[in-house]
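An overview of the molecular structure
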Amino acid sequence: MEAKKDVKFHEEVQKMDYEPLDETEMKLIRWSIGLGIGLLVVLFIVSKYLLPGVH
């Protein structure tokens, strides 16, 4: 029964039209990636210099 649902889902996904990302969505993606990388850098600096015994 579950395999039949997977086939239907796969068919529905293939039928969907391509929709390019909106400019607002692109801004959200860029901000999220930038924020993630920035926080990784901040956390690395904090752990390296403020918590020197950890490394």
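Shown above is the structure to which this text applies.
First, a word on what this report is: a plain description of the structure on this page. Just so you know, these numbers come straight off a predicted model, no measurement behind them. (Residues numbered from 1 in each chain as written. Predicted model: local features only at pLDDT ≥ 70, side-chain atom pairs only at ≥ 80, totals over all residues. Heavy atoms only, no water.)

All right, on to the overall build of the protein chain then. In terms of regular secondary structure, the protein chain is built from 2 helices and 0 strands. Across the 55 residues in the protein chain, those meeting the buried criterion constitute 2%. Working note: accessible area of the protein chain is about 5,700 Å², and carbon and sulfur atoms make up 67% of it. (Helix = DSSP H or I, 4+ residues; strand = E, 2+ residues; numbered from the N terminus. Buried < 20%, exposed > 50% of the residue type's maximum accessible area, 1.4 Å probe, protein only. Areas by Shrake-Rupley, 256 points an atom, 1.4 Å probe, with all protein chains shown as cover.)

This model, assessed by the stated rule, comprises 2 salt bridges. We note a salt bridge from Lys15 to Glu12, for which the minimum N-O separation is 3.8 Å. Of the two residues, Lys15 and Glu12 both sit in helix H1 (residues 2-15), 3 residues apart, roughly one turn of that helix. For Glu12, a relative accessible area of 46% puts it in the partly exposed group. (Salt bridge = Lys/Arg side-chain N within 4 Å of Asp/Glu carboxyl O.)

Now for a negative patch on the surface. Taken together, Asp17, Glu19, Asp22 and Glu25 make up a surface patch of like negative charges. Within the secondary structure, Glu25 sits in helix H2 (residues 23-50). The class for Glu25 is partly exposed, based on a relative accessible area of 38%. (Patch = residues over 30% accessible without salt bridge, like charges linked within 9 Å, V, L, I, M, F, W, Y side chains within 5 Å. Lys, Arg positive; Asp, Glu negative; His and termini not counted. Charge placed at Lys NZ, Arg CZ, Asp CG, Glu CD.)

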